[in-house]
Amino acid sequence: MAVRVTGVDAGSPAERAGILPGDEILTIDGGQINDMLDYEFYTAKGQIGIRLRRGEEIRTVDVEKEEYEPLGCDFETYLIDKHHSCKNKCIFCFVDQLPRGMRQSLYFKDDDERLSFLFGNYITLTNLSRQEMDRIKLMHISPINISVHAVDPALRVRMMKNRFAGDLMPRMKELAEAGIEMNCQLVLCRGINDGAALEQSMRELAALWPQVRSVAAVPIGVTRYRENLEPLETYGPASAGAVLDQLLAFGDRMKAQCGERVIYPADEWYFLARRPLPTEAFYDDYYQLDNGVGMCRKFYDEFLAELQKPHRVKLPCRADTVCGESVYPLIAALADALHKKYRFVRLRVHRIRNDFFGGNVTVTGLLTGQDIVAQTAGKLISNRLLLPGTTLRSEQDLLLDDMSKEQLGQALGAAVTVIPQDGAAFARAALGLPVEETGGKEL
């Protein structure tokens, strides 16, 4: 496969070697370049030979650079190749529960091992070819994140509606034997893959520790857009509490056996069961932070730690913020702690009901601009809105309903400060202090 170079970084090894935009890379050290993983693997060495085509001419270029120094070539897409799409039809798939008319990118289902390695995305292993499995082992692409849901072959086939889904455990054992580290997730559907099925999943996954480094258990998310989809029952306080007890009991046993819990309940279980979050020590090394495991505890502790630092605050100081229904008690507690520490500082927390998605969707990251405007217009106590960055897409410019942060600010008559998932940045913003040091972006 020939890969066309679209740009060359100034001062890079590629520029020094005479590689030009428009050149087509045929091989690097004899290896075919099909995507970014191949490119990174074959360009890691200090001395490499590149065979390329320039017009009708085939030439070989020798490159000398530091080991792991980027070669400096740019391509049409960051993966070089196209994204791999998902062929599963999971009964709980959130994409299938989206309403019509949203931006097209939201409807794309990826199941791409390269995105798992590069960005932490979860893959199912059902869409991997033999060649791709072998490449993961050859290049030691580790860690990778795997959506398991159930280890019982028949149950996994039923849940994912893919006849290859039952081959999971042989593939995971193969990866474990090759030294590949894996983080796993279980999306639990009430009465389907919890109970005895959950116990089996935890037992078989834990048997692959330490290559299976962690397993996150997440409750199913259901929207009001489930026409023609399999009916699913959501968790309430009692049923969530029962699942949480099961997860904690197994984690306690693993902690005693190997020094780590391995099984980690997502924060939502504690909110659903109306129980307090565990302490920081519970989460070991926060293996599943990006999957919503320990995120709230970390945020809470960071906020309180920032309050203990001396700050010069310009008074009066007021601000507003928004959050989903599930995390509201925690954010409200932080606002109370802020007010106790700084008597003349006020932070009003607006609990936003997710009318856009409905169902049991209560997390902050799925709030839309229209719901925020409808439920906060005329109720702000300030002209500053602290907007959680999780409500915005990766470019940090648009909410899920394509309302921009500028439009949101205009609709509410407030300056919008985007806050990263960082409790210290949130505390600083609430105190009217710059948040740049901790990654916040201010409009």
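Residues numbered from 1 in each chain as written. Predicted model: local features only at pLDDT ≥ 70, side-chain atom pairs only at ≥ 80, totals over all residues. Heavy atoms only, no water.

### Brief notes about the overall build of the chain
Phase 1: A tally of regular secondary structure across the chain gives 14 helices and 17 strands.
Phase 2: On C-alpha atoms alone, the chain measures out to a radius of gyration of 24 Å, which is about the 22 Å that the 2.2 N^0.38 rule sets for 443 residues.
Phase 3: For the chain, the spread of C-alpha atoms along the three principal axes comes to 70 × 55 × 45 Å.
Phase 4: The buried share of the chain, taken over its 443 residues, is 53%.
Phase 5: In the chain, 70% of the contacts between residues at least 6 apart in sequence involve partners at least 24 apart.
Phase 6: In the form shown here, the chain has an accessible surface area of approximately 20600 Å², with 50% of it arising from carbon and sulfur atoms.
Phase 7: Separation of charge centres in the chain, based on 53 positive and 62 negative side chains, amounts to 6 Å. (Helix = DSSP H or I, 4+ residues; strand = E, 2+ residues; numbered from the N terminus. Rg over C-alpha atoms; globule rule 2.2 N^0.38 Å. Buried < 20%, exposed > 50% of the residue type's maximum accessible area, 1.4 Å probe, protein only. Contact = heavy atoms within 4.5 Å. Areas by Shrake-Rupley, 256 points an atom, 1.4 Å probe, with all protein chains shown as cover. Lys, Arg positive; Asp, Glu negative; His and termini not counted. Charge placed at Lys NZ, Arg CZ, Asp CG, Glu CD.)

### Description of the environment of Gly191
Phase 1: Tracing the sequence through the fold places Gly191 in the loop between strand S10 (182-188) and helix H7 (195-206).
Phase 2: For the pair formed by Gly191 and Thr234, sequence separation is 43 residues and the distance between their alpha carbons is 9.4 Å.

### A look at the packing of aromatic side chains
Phase 1: In this structure the tally under the stated criterion is 10 aromatic pairs.
Phase 2: Centroid distance Phe303 to Phe426: 5.5 Å. Interplanar angle 50 degrees. Geometry classified as tilted. Of the two residues, Phe303 sits in helix H10 (residues 295-307) while Phe426 sits in helix H14 (residues 423-430), which places them 123 residues apart along the sequence.
Phase 3: Each residue in the set Phe94, Phe356 and Phe357 is aromatic and connected to the rest through ring pairs, giving one cluster. (Phe/Tyr/Trp six-rings, centres within 6.5 Å; stacked < 30°, edge-to-face > 60°.)

### A few points about H14
Phase 1: Here H14 lies mainly inside the structure; 8 of its 8 residues are buried.
Phase 2: Every buried residue belonging to H14 is among Gly423, Ala424, Ala425, Phe426, Ala427, Arg428, Ala429 and Ala430, and all of these are buried.
Phase 3: At its buried positions, H14 is contacted by H10, strand S13 (317-324), helix H11 (328-341), strand S14 (345-352), strand S15 (384-388) and strand S16 (415-419).
Phase 4: A side-chain oxygen of the first residue of H14 lies 2.9 Å from the backbone nitrogen of Ala424; this N-cap is Asp422.
Phase 5: Gly432 sits one or two positions beyond H14 and adopts a positive phi of about 75 degrees. (Polar contact = N/O pair within 3.5 Å; in protein donor to acceptor, adjacent residues only side chain to side chain.)

### Comments concerning the pairing of S16
Phase 1: Among the 5 residues of S16, 4 are classified as buried, and the element is accordingly described as predominantly covered.
Phase 2: As defined by bridge partners, S15 adjoins S16 across 5 bridges and the pair is classed as parallel. Bridging from a neighbouring strand, Pro388 pairs with Ile419 of S16.
Phase 3: The parallel pair S15 and S16 is bridged by helix H13 (residues 405-412), and the resulting crossover is right-handed. (Pairing = 2+ DSSP bridges. Right-handed = clockwise from strand over helix to strand, strands pointing away.)

### A short note on the nonpolar core
Phase 1: Within the largest apolar cluster, 79 residues are counted, with the highest numbers of intra-cluster contacts made by Ile146, Val148, Met172, Leu205, Trp269, Ile331 and Leu338.
Phase 2: For this core, the element with the most residues is helix H8 (residues 237-258), which contributes 7 residues.
Phase 3: Here Trp269 is in contact with Leu188, Ala217, Val218, Pro219, Tyr235, Ala240, Val243, Leu244 and Leu247, once residues within four sequence places are set aside.
Phase 4: One finds Ile33, Ile48, Leu52 and Val63 within the second-largest nonpolar core, a separate group that totals 18 residues. (Core = buried A, V, L, I, M, F, W, Y, C linked by side-chain atoms within 4.5 Å.)

### A closer look at the sheet that holds strand S9 (residues 144-147)
Phase 1: Spatially, S8-S9-S10-S11-S12 is the arrangement adopted by the 5 strands of the open sheet, whose pairing is parallel. This sheet does not close on itself; its edge strands, each paired only once, are strand S8 (122-123) and strand S12 (263-265).
Phase 2: Bridging between S9 and S10 involves 4 bridges; their strand directions are parallel. Residue pairing across strands places Asn145 opposite Asn183, the latter belonging to S10.
Phase 3: Relative to the sheet, H7 contacts S10, strand S11 (212-219) and S12, its axis offset from that of S10 by approximately 180 degrees. (Axes fitted to C-alpha atoms, helices over the stretch in contact; angles between N-to-C directions.)

### Here we look at the side chain of Asn127
Phase 1: With respect to the secondary-structure elements, Asn127 resides in the loop between S8 and helix H4 (130-138).
Phase 2: Polar side-chain contacts of Asn127 include one of 3.4 Å to the backbone nitrogen of Lys87.

### Concerning the pairing of S14
Phase 1: Across 8 bridges, S13 lies against S14 in parallel orientation. Among the inter-strand pairings, Asp320 is bridged to a residue of S14, identified as Arg348.
Phase 2: Crossover connection from S13 via H11 to parallel S14: handedness right-handed.

### Comments concerning the pattern of salt bridges
Phase 1: Taken as a whole and assessed by the stated rule, the structure comprises 25 salt bridges.
Phase 2: For Glu174, the salt bridge is made with Arg130, and the minimal N-O distance between the two is 2.3 Å. Residue Glu174 is found in helix H6 (residues 168-177), and its partner Arg130 is found in helix H4; the two are separated by 44 residues along the sequence.
Phase 3: Take Arg130: its relative accessible area is 42%, and that puts it in the partly exposed class. (Salt bridge = Lys/Arg side-chain N within 4 Å of Asp/Glu carboxyl O.)

### Re H10
Phase 1: When the terminal C-alpha atoms of H10 are compared, their 19 Å separation across 13 residues agrees well with the 18 Å that a helix rising 1.5 Å per residue should span.
Phase 2: Residues of H10 that are buried: Cys296, Arg297, Phe299, Phe303, Glu306 and Leu307.
Phase 3: In the core, the buried residues of H10 are packed alongside helix H9 (267-273), H11 and H14. (Expected span 1.5 Å × (residues − 1).)

### Re the packing of H7 against H8
Phase 1: The geometry of H7 relative to H8 is characterised by a closest axis approach of 11 Å and an angle of 25 degrees between their N-to-C directions. Considered as vectors, H7 and H8 are oriented roughly parallel to each other. The handedness of the crossing between H7 and H8 is right-handed. Note on element contacts: H8 touches H7 through Val243, Gln246, Leu247, Phe250, Arg253 and Met254, opposite Gly195, Leu198, Glu199, Met202, Arg203 and Ala206.
Phase 2: Of the residues belonging to the contact of H7 with H8, the class tally is 7 nonpolar, 2 polar and 3 charged. (Parallel < 35°, antiparallel > 145°, perpendicular 65-115°, else oblique. Left-handed = near helix turned anticlockwise from the far one by under 90°. Nonpolar A, V, L, I, M, F, W, Y, C, P; charged D, E, K, R; others polar.)

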